[in-house]
Amino acid sequence: MNTVFLASDEEYMLAAMRRALPEGCTAVHISTPEEVISHISLDADIALVDITGRRSEHISLISQVKKHMPGCAVIAILPAKKREGEDLVADMCYETVRVPVDITDLRLSIMRAIERSKLLREVTHLKTNLHEKHYIEYPHNQVAHSDSRFNSVLRKFARGLGAGFNRERLIKFIHEAIDELNPVSRISIVLAEPGGEYIIASNRGLHPDVLESLYLSPDRGLLLWLAQQGRVLRKTEAGYSGDSLLLDAIREMELLQAVVSIPSIGNGRLLGIINLGEKVVGGQYSNEELEMLYILASNIAVALEDIDIFNELQHQKSYIEEILLRMHSGVITIDTLDHITIFNHRAAEILNIPGDRVVGKDLRNLPSPLGDMLHESLATGRKRNGYEIKLAGKHECYLKISTFQLIDALSSVRGAVLIFDDISMERALARERENAQRLETLNKVVALFAHELRNPLVSVNTFIELFPMRKDDDDFSTDFYEAVCKDVHRLDDLLGKLIALSKQSDYNFITTDLSSLLDDRIKKLEKLALESGVSIKSGMENNSVLLPLDREQMGKAIEYVIHNSINFTKSGGTVSVSMEDTGEEYVKIVVDDDGDPLSVGSGDDVFRLFFTSNGRGADIGLAVAQRIMHDHGGRLVINGQNKMRFELILPANAERGKEP
């Protein structure tokens, strides 16, 4: 560590001087010869003096430096052109440079001056070592205070720490403790920062310029020496030993105007330094005094570690709270005693409960069933993810919640957390969309019903109008009678499908022979197929398959699927119906037709009302059939590629037998 005086009236020149300084130099700006005297205690190594401006005053300043600091190397910055009397200035200086200043050249001059200063100091220490004892005997009887006073200081220290984890309070206590033990003229307290740097956290009696520019590096000088040695360093013990690190440490002590530096070490790491100047009453520090101060510094190290840990925990807590504060979800946590530990702002908004009313209280203060679910997760470890509930006591308040245990690094349960979102608005919008879809579906159903109803009604109405005039016409009566019966049947079938689509059916499950049921429905549709020019090919076996079914409803599902295939099979085509009984997991009824297959990607869309693809449409019957299959635990799917294939799949979970 080297101290450098900077003397110039120009800011640009001062900036150039600072840029030229190597790392580890402490720069102090001085302007007048009087300031040199006031800074004698700094014992500067180098003085950079600009004499291009106030020439006479700065020459006087150089004279004061040479008089009071003979070891200081003066580097003068001269004007571009030589002036009268410069030779006198050059004789007073170690080196001179001219403007414009070359930063590289100036730095080389400074480096040479630093080497000179280092050599001079080593020589000085060598001379001191030759004329003084190698070991200084410090008196044991100069203890200005008793052990009881020291113990009193430690008790105050303990009480001070108990008042809170506050670094400023700790620094204040150190000053008070040292003054109580033995008042000193100057004191500086250096503390480690969380980032690894060291700062002068407090001082008394040091010059502000030194404090502003002094930088203590952990990789050299006083900090490195104390970290390696771990003991008290007296300025007077530094005889010449060839140890450049020790000399650098002593130099930094001189800058801090300290005669004793006491390390504060915790867990093998240097956490701080207490630097003490001369005693107010004079005299040297005894071994007993330094031992007590070292014990005090050790306790301070423990306190500093606790403060750092506390501040880190507080930082993490604030960080987590900041995250929770900005979350759009409500968050509630409890500890192992069922006490609420976190209740973020969003939870307060959703539940309309101020956080200070519930934090620290029992979870029974939460609305039902939130408290029960939190306790269940804590006690049993049960997790919920995206579970929807209706909040008790609040009108139409729906929440989507997730719960889980809080586990620490040792796999111990520390509590439980509940995260929830208010989905009341989503539910309301979903209901509105559902109502809109229902209305749209109703409009389409009404339009379809009106269209389907018109044709049968026309034939019925025509028959009624012509009947009085042609009632004796046998051909008329026979043909129209059959047409009217057919149309009335169509109306009845359409009404049946609408009723089945609009309300949930009451199922009557009984053991039913599926083979017999399928055979009956095929026979029922043979006439319709014949009229359409379509043949029904049955691939049935004689085996009976007994399943628990609602015979009437399942018969409708089978009939509607076969009916749809007949409608979309061209004249001359074939509808094939077969049943596959694996005897294991399921029973499958397969309906194939020669109609055009659906376009790629249509898939289950065919079961939506009013869907069309490649000329094929889904009437109400397929939608009803799909619902009936679902209510029976089965599925209605499409697997056709080159042709249309419907598969009615039912679970095979009933007894089986042969037809008698």
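Structure's up top.
Residues numbered from 1 in each chain as written. Predicted model: local features only at pLDDT ≥ 70, side-chain atom pairs only at ≥ 80, totals over all residues. Heavy atoms only, no water.

1. Notes on the sheet that holds strand β17 (residues 535–539)
(1) Moving on: Read from one edge of the open sheet, 5 strands run β17-β20-β21-β25-β24, paired in mixed fashion. The sheet is open, and its two edges are formed by β17 and β24 (635–638), each paired on a single side. The sheet shows a mean angle of 15° between the axes of neighbouring strands, direction not considered.
(2) Moving on: Alignment of strand β21 (residues 586–593) against strand β25 (residues 644–651), held across 8 bridges, turns out to be antiparallel. Residue V587 lies in a different strand from β25, and its bridge partner there is L650.
(3) Moving on: Here helix α18 (residues 620–631) sits on the sheet and contacts β24 and β25; the angle it forms with β24, its principal contact strand, is near 130°. (Pairing = 2+ DSSP bridges. Helix = DSSP H or I, 4+ residues; strand = E, 2+ residues; numbered from the N terminus. Axes fitted to C-alpha atoms, helices over the stretch in contact; angles between N-to-C directions. Contact = heavy atoms within 4.5 Å.)

2. With respect to a negative patch on the surface
(1) Moving on: Together, D472, D474, D475, D479 and E482 give the surface a local cluster of negative charge.
(2) Moving on: Within the secondary structure, D479 is located in helix α15 (residues 474–502). (Patch = residues over 30% accessible without salt bridge, like charges linked within 9 Å, V, L, I, M, F, W, Y side chains within 5 Å. Areas by Shrake-Rupley, 256 points an atom, 1.4 Å probe, with all protein chains shown as cover. Salt bridge = Lys/Arg side-chain N within 4 Å of Asp/Glu carboxyl O. Lys, Arg positive; Asp, Glu negative; His and termini not counted. Charge placed at Lys NZ, Arg CZ, Asp CG, Glu CD.)

3. Focus on the nonpolar core
(1) Moving on: F5, V49, L222 and L233 are the most contacted members of the largest nonpolar core, which has 44 residues in total.
(2) Moving on: Per element, the largest residue contribution to this core is 6 residues, and it comes from helix α10 (residues 244–255).
(3) Moving on: Those residues within four positions of L233 in sequence are excluded, and the remaining contacts are L222, W225, L226, L246, A249, I250, M253, V259, V260 and S261.
(4) Moving on: Ranked by size, the runner-up nonpolar core spans 37 residues in total, among them L514, A557, V561 and I628. (Core = buried A, V, L, I, M, F, W, Y, C linked by side-chain atoms within 4.5 Å. Buried < 20%, exposed > 50% of the residue type's maximum accessible area, 1.4 Å probe, protein only.)

4. Overview of the pairing of strand β2 (residues 25–29)
(1) Moving on: Across the 5 residues of β2, 4 count as buried, placing the element largely inside the fold.
(2) Moving on: Alignment of strand β1 (residues 2–7) against β2, held across 5 bridges, turns out to be parallel. Each residue of the ladder has a partner; that of T3, found in β2, is T26.
(3) Moving on: In this region the chain leaves β1, passes through helix α1 (residues 11–20) and returns to the parallel neighbour β2; the handedness of that crossover is right-handed. (Right-handed = clockwise from strand over helix to strand, strands pointing away.)

5. Here we look at empty space enclosed by the protein
(1) Moving on: As enumerated under the stated definition, the model contains 2 cavities of 30 Å³ or more in all.
(2) Moving on: Together, R167, L191, A192, R269, L271, L304 and D308 line the second largest cavity.
(3) Moving on: Elements represented by at least two residues in the lining of the second largest cavity include exactly β6 (187–192), β10 (269–276) and α11 (287–326).
(4) Moving on: For the lining of the second largest cavity, the per-class residue count stands at 4 nonpolar, no polar and 3 charged. (1 Å grid on protein atoms, 1.4 Å probe; cavity = no way out; pocket = protein on both sides within 12 Å on 5 of 7 lines; lining within 4 Å. Points joined across faces, edges and corners; volume = space filled by probe spheres on them. Nonpolar A, V, L, I, M, F, W, Y, C, P; charged D, E, K, R; others polar.)

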